[in-house]
Amino acid sequence: MEYKIEHDSLGEVRVPKDRYWGAQTQRSFENFPIGTEKMPKEIIRAFAILKKSAAFANATLGRLDEKRRDAIAKAADEILAGDLDGHFPLAVWQTGSGTQSNMNVNEVLANRGNEIAGEKLLHPNDHCNMSQSSNDTFPTAMHIAAVVAIEDKLLPSIDKLASTFERLMKENEGIVKTGRTHLQDAVPISFTQEISGWLAMLKESRAQIEATLPFLKELALGGTAVGTGLNAPEGFAEEVARVVSDITGLDFRTAPNKFHALSAKDEMVFAHGALKGLATNLMKIANDVRWLASGPRCGLGEITIPSNEPGSSIMPGKVNPTQCESATMVAVQVMANDAAVAIAASQGNFELNVYMPVTIYNFLQSVRLLADSLRSFDERCVSGIKANKEKMHENLHRSLMLVTALNPVIGYEKAAKTAHKAYEENISLKEACVALGFLAPEKFDEVFHPEEMV
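Just so it is clear, the model here is predicted, and its values are computed rather than measured.

A. Examining the overall build of the protein more closely. A count of helical and extended segments in the protein gives 16 helices and eight strands. Taking 22 Å as the expected radius of gyration for a compact globule of 454 residues, we find that the protein reaches 30 Å, considerably beyond that expectation. Referenced to the eigenvectors of the C-alpha coordinate spread, the extents of the protein come out at roughly 100 × 50 × 35 Å. Expressed as a percentage of the 454 residues in the protein, the buried residues total 51%. In the protein, 73% of the contacts between residues at least 6 apart in sequence involve partners at least 24 apart. Summing over all exposed atoms, the protein offers an accessible surface of approximately 21,100 Å²; the carbon and sulfur share of this is 52%. Where the 47 positive side-chain charges of the protein centre and where its 58 negative ones centre are 3 Å apart.

The following block contains the structure:
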């Protein structure tokens, strides 16, 4: 491999010749050979957006000439297009302020921008990091990446699954089945009503996630090192938020208190809490689906789901609810990520939180996993749900909890005796009620209508 010599305030460093990064990136690459987790691409893209926005803001405010502005912008556009993905090698497990990833972006922008311009116009610190600090750029990148991921990936996945549930509700109108509480038989419910509960969970989770977005749309940029805005021109924070909004099409604004924006991560905790809420609902829905599909002969068997792959290496013909299992594992991971985000956010000291890379790594993983899982669960499982009407009818009429319909007629205690006798003697509720002398056969038929109990 051929190398080039780059330098920083600590001296010279050898860097692979075909890479655009510089000395500070190389030092971090060598000093943190920890794990396989790299800085998420969403963060690199967010950095490109904020660096381009900062260049335009600095130019508007008379700090940066148009030639340098355009060189930064063109290099940033290449990052956004994914053309330079191989030039961001740093681990999540680096400095807690994300300084080295900020400098990684600055160095790539400077070296690639100079190459585009055909002359040495840009310095990583003086121009690409103008009016900025890692302490305000990294939290800004976190918020941009979080909002874009939620808006572009997660919300559409929620909407698609919700649409499928709406279709299933229409297709299954009129089907009545037994309800279940405590994993025991309960009074009847329509299948449409059961599905409506799943749909409402998604809609509530979506609304809760949306409610967190205004807080994530507040940007720390302009606070520089400790929140005072040192070395940033007046109006920079507001102008850069405006440009970020123009580039993304989302309504970002500058954070009203930069001391809070640098040192606290409560917005991330709040937003991830809503993601955890979605994960708990996904867990519940997926568990309902796999219980209802259990069988095919010795389980509930009230619905069928698509058979996607063989389920066993030893039992021929076995098919398992693998999409449900995948979704519930995703839910577990998101719940675990929530603990990491909360602990990291609690560790801010004085003017800076230095757990930012681990916070955003877990946050973005949760968004990514939920978006992908919801989409896969929808396409490969929920879309193919079919009601087993015969099994639902059979289970409904075998349920002892239908005796609840008799409460207004014979009272709770007599109804309980009817249920116990039917269970102990393995006879129908009608047979038990008549045998106990509580109702005549004709009167029982008059008041006992399970399909009307929903």
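B. Spotlight on the nonpolar core. If you look at the biggest cluster of nonpolar residues, it comprises 106 residues, and the most contacted ones within it are Ile43, Leu154, Phe165, Val289, Phe363 and Phe377. The element that contributes the greatest number of residues to this core is helix H5 (residues 134-171), accounting for 17 residues. Contact partners of Phe377, with chain neighbours within four places excluded, come to Leu161, Leu282, Ile285, Ala286, Val289, Gln323, Cys324 and Val382. Judged by nonpolar contacts, the second largest core, of 16 residues, contains Val176, Leu396, Leu429 and Leu439.

C. Local environment of the pattern of salt bridges. The full count for this structure, using the stated rule, is 34 salt bridges. A salt bridge links Arg112 to Glu115; the shortest N-O distance between them is 2.4 Å. With a gap of three residues between them, Arg112 and Glu115 both fall in helix H4 (residues 99-117), about one helical turn apart. Exposure remark for Arg112: the relative accessible area of 16% places this residue in the buried category. Exposure remark for Glu115: the relative accessible area of 45% places this residue in the partly exposed category.

D. Quick look at unusual backbone geometry. A cis amide bond links Gly295 with the next residue in sequence, Pro296, at an omega value of 10°. Within the secondary structure, Pro296 is located in the loop between helix H9 (266-292) and strand E7 (303-304). Positive phi outside glycine occurs at His182, with the angle close to 60°. Turning to its location among the elements, His182 is positioned in the loop between strand E3 (176-181) and strand E4 (184-190). You can call His182 exposed: its relative accessible area is 75%. Even without being a glycine, Asn426 presents a positive backbone phi close to 55°. Here Asn426 lies in the loop between helix H14 (412-425) and helix H15 (429-435).

E. Geometry of the environment of Asp85. Locating Asp85 in the fold gives a position in the loop between helix H3 (66-80) and H4. Measuring from C-alpha to C-alpha, the distance between Asp85 and Ile44 comes to 8.6 Å, with 41 residues separating the pair along the chain. Apart from residues lying up to four places away in sequence, Asp85 is in contact with Lys41, Arg45 and Ile79. Within the structure, Asp85 has its side chain in polar contact with the side chain of Arg45 (distance 2.9 Å).

F. Structural detail: helix H10 (residues 322-345). In this model, H10 (24 residues) spans 35 Å end to end at C-alpha, consistent with the 34 Å of a helix rising 1.5 Å per residue. Looking at the buried positions of H10, the neighbouring elements they touch are H9 and helix H11 (356-380).

G. Seen up close, the packing of helix H2 (residues 41-60) against H3. H3 packs onto H2 with a crossing angle of 165° between their chain directions and a minimal axis gap of 9 Å. By the criterion of interaxial angle, the relationship of H2 to H3 is roughly antiparallel. In terms of crossing hand, the pair formed by H2 and H3 is left-handed. Counted together, Ile44, Arg45, Ala48, Ile49, Lys51, Lys52, Ala55, Phe56 and Ala59 of H2 and Arg69, Ile72, Ala73, Ala76, Asp77, Ile79 and Leu80 of H3 form the full contact between these two elements. Residue composition of the contact of H2 with H3, grouped by class: 11 nonpolar, no polar and five charged.

What counts and how
- Residues numbered from 1 in each chain as written.
- Predicted model: local features only at pLDDT ≥ 70, side-chain atom pairs only at ≥ 80, totals over all residues.
- Heavy atoms only, no water.
- Helix = DSSP H or I, 4+ residues; strand = E, 2+ residues; numbered from the N terminus.
- Rg over C-alpha atoms; globule rule 2.2 N^0.38 Å.
- Buried < 20%, exposed > 50% of the residue type's maximum accessible area, 1.4 Å probe, protein only.
- Contact = heavy atoms within 4.5 Å.
- Areas by Shrake-Rupley, 256 points an atom, 1.4 Å probe, with all protein chains shown as cover.
- Lys, Arg positive; Asp, Glu negative; His and termini not counted.
- Charge placed at Lys NZ, Arg CZ, Asp CG, Glu CD.
- Core = buried A, V, L, I, M, F, W, Y, C linked by side-chain atoms within 4.5 Å.
- Salt bridge = Lys/Arg side-chain N within 4 Å of Asp/Glu carboxyl O.
- Polar contact = N/O pair within 3.5 Å; in protein donor to acceptor, adjacent residues only side chain to side chain.
- Expected span 1.5 Å × (residues − 1).
- Axes fitted to C-alpha atoms, helices over the stretch in contact; angles between N-to-C directions.
- Parallel < 35°, antiparallel > 145°, perpendicular 65-115°, else oblique.
- Left-handed = near helix turned anticlockwise from the far one by under 90°.
- Nonpolar A, V, L, I, M, F, W, Y, C, P; charged D, E, K, R; others polar.

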